[in-house]
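# An overview of the molecular structure
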Amino acid sequence: MSSNNIVVVGSCMMDFTSYCKRLPKEGETIHGTQFKTAFGGKGGNQCVAAAKLGGKTSFVARVGDDIWGEQYIANLKDQNVDAKFVQITPNYSSGIAQINVSESGSNQIVIVAGANSQLSKKDLDNCINLISNASVLVCQLETHPDVAIKALELCKGISILNGAPAIPNCDTKLYSLPTIFCVNETEASIFTGTAIE
């Protein structure tokens, strides 16, 4: 059994969050009340959360060769995450999320994948033993779905796929391979092509 019993394969983003009284309308500029920069992305969040809960975690991901890439890796190490398989990707920005949050809690989010788009099945060849020996594997769909599929195929333990962002008419392996397929109502509607309330 690997010493890292939780492996996360997927995305890392820099979150740039603006807080405002209400969300702007199309074409409108409004004043915000606060701005925060944070290390995020579904994969990064899942990995750090597992580490904070006491899990031995490893992360397989890509960051850009910009000012955020090395900072992201340093933060993972500070959070006791094994970042051996987080690669800096030349000529790509790190993934970013621009987020607006209103006082009511409504939000608008735009993500730019950046280096996340370059995470590939070949990257998984470098860590086959890590993934196949994991007690728990966690994947999401902010990186290419083929990467998640290959990771799920390699996993011999419990596997969890967070089906976000949702993909209509996807490869059915995304449903059949994971032990747990986790979606909300909106995502379930997109995956199934059926209105879910």
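Below is a summary of the structure that appears in this document. Note that the structure is a prediction, hence the values are computed from the model and not measured.

A few words on the sheet that holds strand 3 (residues 34-40). On the basis of which strands lie adjacent, the open sheet formed by four strands has the order 3-2-6-7 and mixed pairing. The open sheet has two edge strands, strand 3 and strand 7 (107-112), and neither has a second partner. When strand polarity is set aside, the average angle formed by the axes of neighbouring strands in this sheet is 15 degrees. As paired strands, strand 2 (residues 13-20) and strand 3 are joined by seven bridges and run antiparallel to one another. Looking across to strand 3, one finds that Tyr19 is bridged to Gln34. Each of strand 2 and strand 3 touches helix 2 (residues 67-78); the most contacted strand, strand 3, lies at about 70 degrees to it.

To summarise the sheet geometry, strands pair through backbone hydrogen bonds and adopt either a parallel or an antiparallel arrangement. The strand order across the open sheet formed by six strands is 5-4-1-8-9-10, and the pairing between neighbours is parallel. On the outer flanks of this sheet lie strand 5 (81-89) and strand 10 (180-182), each paired with one strand and no other. Between one strand and the next, the sheet's axes are offset by a mean angle of 15 degrees, whatever the strand orientation. In this sheet, strand 9 (residues 158-162) lies alongside strand 8 (residues 136-140) in parallel orientation, the contact comprising five bridges. By the bridge assignment for strand 9, Cys139 is matched with Leu161. In the packing of helix 5 (residues 145-154) onto the sheet, contacts are made with strand 1 (6-9), strand 8 and strand 9, and the angle to strand 8 comes to roughly 165 degrees.

What counts, and where the lines are drawn
- Residues numbered from 1 in each chain as written.
- Predicted model: local features only at pLDDT ≥ 70, side-chain atom pairs only at ≥ 80, totals over all residues.
- Heavy atoms only, no water.
- Pairing = 2+ DSSP bridges.
- Helix = DSSP H or I, 4+ residues; strand = E, 2+ residues; numbered from the N terminus.
- Axes fitted to C-alpha atoms, helices over the stretch in contact; angles between N-to-C directions.
- Contact = heavy atoms within 4.5 Å.

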